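Chains, contacts and geometry: an overview
The primary structure of each chain is shown beneath.
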Amino acid sequence: MRSFPRQLAAFVFAVGFMLPALAFATNGYFAIGYGMKNRGMAGVAVADPKDSLATTANPAGMAFVGTRLDIGARLFVPKRQSAMNGTMMANADTTGDSGATLFMIPNMGANIALGKWSVGFAMVGNGGMSTRYNYDFFSSSDHTQALGVSLMQVLILPTVTYKVTPTQAFGIAPILGIQVFRAYGLGPFKGFSIHPSRVTNNGNDWSYGAGARVGWMGKFLDGRLALGVTYATRVYMSPLTKYKGLFADGGDFDIPRNFAVGIAVKPIRRLTVGLDVQRIFYREVHSVGDRHPSGPGGPRTTLGKLGATAGMGFGWRDQTVYKLGVSYEVNDRWTVRGGFDYGRSPVPTDQLLFNVLAPGIVTRHWTGGFTYHLSPASELSGSFMFVPRTTQICAAPACRTMMTVKKGAFIGAQMWQYSLGVSYGLKF
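Attention in this report is confined to the structure presented alongside it. Owing to the predicted nature of the structure, the values given are computational and were not obtained by experimental measurement.

1. Considerations on the pairing of strand β1 (residues 68-85)
Pairing analysis gives 9 bridges linking β1 to strand β3 (residues 103-114), with the strands arranged antiparallel. Residue pairing in the sheet places F76 in a bridge with F103 of β3. Here 18 bridges tie β1 to strand β16 (residues 410-427), and the two strands are oriented antiparallel to one another. The residue bridging I71 from the neighbouring strand is Y424, located in β16.

Right, here's the structure in full:
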């Protein structure tokens, strides 16, 4: 136990050093899961906690994982391609592949069991989006400059749980948020902003905020059935002032609230089947959910300029995510896992223009994983994820008001992903 503070300090430093490399998008811009064990089951964790990253899905789960430390990282490879023809900014047919396709994403968690109570924390990359095109789609004259955005979010969740009975627990985790954003090559949008000098090419801008996650979990039928429910408030972030002319409400970019329910069943001793359903409320954050000018139906809100109150945003809709996972203990050393995660794209087809910058449109995630017990007190876990290609295309007249009306006018985006991760768990 004496080495635990030094291990913790070393990893916090490593996470801080690696922070600028974080960027990804899966369920919208939320990760499907955080620990390698629950990622192997497509993120299932609300009623099936397996390590000290459990608080990211349901803080109550920390009451059932014991005293332990978990350290991990994963490589993430997002592939994105965008194309447009006949838009209001680029009349020519343009197609480009995004650079920025390899990222390392670290995470860690720790928990200490104290009888009915437990205390712990997790530090994870929550989500983000990063693209870099060497061809500027939006410029009608100069296509040579780079175009892209980068959003990175990290959450720190100190956690306290209390077991009201040996099989039922409540947990609460304050959420401390850190995010950094930058944009470049968006000069053509200055004419649509109330703060044209705060739209693009202003370097990194940092933002900080806080929220909370609460949850309950219970085990029934001698542990063969587990149920869980969790709710996360909106994480209120300080404004991105360097980009207050790009994001609605003067640079506001909060992390949306969400809730989830979960069930885990053990039909036989070594097999666990889990299902989580999560709802993410993207529409409540104006910079994410407000629509930009689109087809005949018009915007959801009164259209304002970029940066204005209820101004133009990415037009995302709320998303419901379904996660199904299985875990099987082959023997005392090996456990194998698999899962499937599905959520309809949060990007409406007629909102693709802004979203070529961050095409978080993928819908299906296939996962697998394993745990190998090195000793009774230590274990090695791994996970992989494959996301097949998803394509969205909006053609005139559906996107008419964002386009020069001509035959063949369209906006399109494609995305597919791979991920491979490993973690080390130590029990005390």
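2. As for the pattern of salt bridges
Between side chains of opposite charge, a pair can form as their charged atoms come close. This structure, assessed with the given rule, holds 10 salt bridges. Among the salt bridges present, the one from E379 reaches R68, with a minimum N-O distance of 2.6 Å. Placement of the pair is E379 in strand β15 (residues 378-395) and R68 in strand β1, with a sequence separation of 311 residues. As far as burial versus exposure is concerned, E379 and R68 are alike and both buried. Here D254 and R234 are joined by a salt bridge, their closest N and O atoms 2.9 Å apart. One end of the pair, D254, is in the loop between α3 (248-251) and β10 (258-268); the other, R234, is in the loop between β8 (225-232) and β9 (236-237), with 20 residues separating them in the sequence. For D254, a relative accessible area of 2% puts it in the buried group. Looking at R234, the relative accessible area reads 18%, which means it is buried.

3. Looking at the layout of surface pockets
If you add up the space inside the largest pocket, you get close to 620 Å³. If you trace the largest pocket, you find 29 residues lining it, with D48, P49, K50, K266 and E329 closest to the centre. Top contributing element to the lining of the largest pocket by residue count: β10, with 3 residues. When its residues are assigned to classes, the lining of the largest pocket shows 9 nonpolar, 7 polar and 13 charged.

Calculation criteria
Residues numbered from 1 in each chain as written. Predicted model: local features only at pLDDT ≥ 70, side-chain atom pairs only at ≥ 80, totals over all residues. Heavy atoms only, no water. Pairing = 2+ DSSP bridges. Helix = DSSP H or I, 4+ residues; strand = E, 2+ residues; numbered from the N terminus. Salt bridge = Lys/Arg side-chain N within 4 Å of Asp/Glu carboxyl O. Buried < 20%, exposed > 50% of the residue type's maximum accessible area, 1.4 Å probe, protein only. 1 Å grid on protein atoms, 1.4 Å probe; cavity = no way out; pocket = protein on both sides within 12 Å on 5 of 7 lines; lining within 4 Å. Points joined across faces, edges and corners; volume = space filled by probe spheres on them. Nonpolar A, V, L, I, M, F, W, Y, C, P; charged D, E, K, R; others polar.

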